[in-house]
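Each chain, letter by letter, is given below.
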Amino acid sequence: MNVINEGVREIVSSLKEEGISFSDLHILITGGAGFIGSWTCDVLIEMGARVTCIDSLVSGQMSNIEHLLNNENLNFIEHDISKPIYFKEKFDIVMHMASRASPFEFDKFPIQILKANTMGIWVALGIAKEHNARFLYTSTSEVYGDPDESFIPTPETYNGNVNPIGPRSCYDESKRAGEAFVKAYELQHGLDTRIVRIFNSYGPRMRTGDIYGRVVPRFIDQALKGEPITVFGDGSQTRSFTYITDQIEGILRLTSMDAKGEVVNIGNDKETSILELAELVKRLTGSQSKITFYPLPKDDPKRRCPDISKAKRLLKWKPKVSLEEGIKKTIKWFTGAR
Ligand code: UDP
């Protein structure tokens, strides 16, 4: 069985064990052809939901969902969610997942990113309001910016340390504005909303290449090609990498619950330095690549690690896949053993 099917089945069986069901619900997913969106489509369809997937395909990819196109429970619409769209058929749940997320895209497409998380979420919230649907927003650990050391691990109550005009501001500030939109619809219209803050999820279907590559797919791609592995700075900056199956399971637990107004960190709480990641990828690919060092980009957060006590308590969720296991699965997918 391929790595993705195996992962989807694991998520489905874990959710079913908890008595979670999405059967017969009609769910709208914006950004449904993206990395997180397409895994969500797969799991929900496997669980008997009907999914309407919207994607502008500027960064999402048809190849992520083409295996679902003949499925009667998937309706794909190519559309930019920052422009209004109307539906007659009722939705039970709206999940706003559309947005580019790679730092390499921040100086190439800052306006698209800002629109997806402001005008886009406004359109998505309007649809949820019209249909009286539950609303889930995939926000990000980037709302915390470069957290003060005393807030590592970072709890949901930390308000962040963000540069409003820096190179990452199109993403960080628009995600923060997106959260404010969610809160406004909850306050003014009583919408049943919830926000997940995602921490560096990775796995099969992540894009690589110059502008799309987040650190995990870049390092794997470089290692497999025998090219230098490009560590920025001295590699001492940390991230907490979350394998996609853990990420999706957490998101869907939060979506399924009676959790109106909740904001929850979902991420692995094992902090890893970028140099450790480079060494791990080199070892697991058996690569001869050299590890090379480049200047650290401006405003690159020094440490990122979630406090996940709320997710453990509220969702009975904790990460199951270690970094080594997750990287092995991702390498398997990259090498074509899909
Ligand atoms: N990074 C790196 N080499 C690369 C790409 C990224 O050292 O080729 C670093 C980057 O500077 C950051 C970390 O890896 O410290 C994670 O980068 P990513 O692009 O995945 O996203 P971020 O977590 O910064 O949003």
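Preceding this paragraph is the structure being described.
Residues numbered from 1 in each chain as written. Predicted model: local features only at pLDDT ≥ 70, side-chain atom pairs only at ≥ 80, totals over all residues. Heavy atoms only, no water.

*Asks:* Can you explain unusual backbone geometry? Please cite residues and give values.
*Replies:* A cis amide bond links Ile152 to the next residue, Pro153, at an omega of -10°. As for its position among the elements, Pro153 is in the loop between strand 5 (134-140) and helix 5 (169-189). Of note in the backbone geometry, Leu57 takes a positive phi value of approximately 65° without being a glycine. Residue Leu57 is classed as partly exposed on the basis of its relative accessible area of 23%. One non-glycine residue with positive phi stands out, namely Lys316, at about 50°. Mapped onto the elements of the fold, Lys316 is located in the loop between helix 9 (309-315) and helix 10 (323-334). By relative accessible area, which is 61% here, Lys316 ends up exposed. (Helix = DSSP H or I, 4+ residues; strand = E, 2+ residues; numbered from the N terminus. Buried < 20%, exposed > 50% of the residue type's maximum accessible area, 1.4 Å probe, protein only.)

*Asks:* Give a detailed account of the nonpolar core, specifying residues and quantitative values.
*Replies:* Judged by nonpolar contacts, the single largest core of 65 residues is most densely connected at Phe22, Val43, Leu44, Met95 and Ile327. With seven residues, helix 2 (residues 35-46) is the single largest residue contributor to this core. Apart from residues lying up to four places away in sequence, Met95 is in contact with Ile27, Leu28, Ile29, Thr30, Thr40, Leu44, Leu136, Ile251, Leu252 and Thr255. One finds Ile54, Ala98, Ala133 and Tyr137 within the second-largest nonpolar core, a separate group that totals 22 residues. (Core = buried A, V, L, I, M, F, W, Y, C linked by side-chain atoms within 4.5 Å. Contact = heavy atoms within 4.5 Å.)

*Asks:* Before we move on, can you summarise the site of the ligand with the specific residues and values?
*Replies:* With respect to spatial proximity, 17 residues lie near the ligand, and among them Arg218, Thr230, Phe232, Arg239 and Asp300 are the closest. The separation between an oxygen atom of the ligand and a polar main-chain atom of Val215 is 2.9 Å. Between Arg304 and the ligand, the recorded distance is 2.8 Å, taken from a side-chain N or O atom to an oxygen atom. If you list the elements that add at least two residues to the shell around the ligand, you get helix 6 (215-225) and strand 8 (229-232). (Near = heavy atom within 4 Å. Polar contact = N/O pair within 3.5 Å; in protein donor to acceptor, adjacent residues only side chain to side chain.)

*Asks:* Outline the packing of helix 4 (residues 119-131) against helix 5, listing residues and values.
*Replies:* Running from N to C, helix 4 and helix 5 point in directions that differ by 25°, and their axes come no closer than 10 Å. In terms of orientation, helix 4 lies roughly parallel with respect to helix 5. Our pair here, helix 4 against helix 5, has a crossing hand that is right-handed. Within the contact between the two elements, helix 4 uses Ile121, Trp122, Leu125, Gly126 and Lys129 and helix 5 uses Gly178, Phe181, Val182, Tyr185 and His189. (Axes fitted to C-alpha atoms, helices over the stretch in contact; angles between N-to-C directions. Parallel < 35°, antiparallel > 145°, perpendicular 65-115°, else oblique. Left-handed = near helix turned anticlockwise from the far one by under 90°.)

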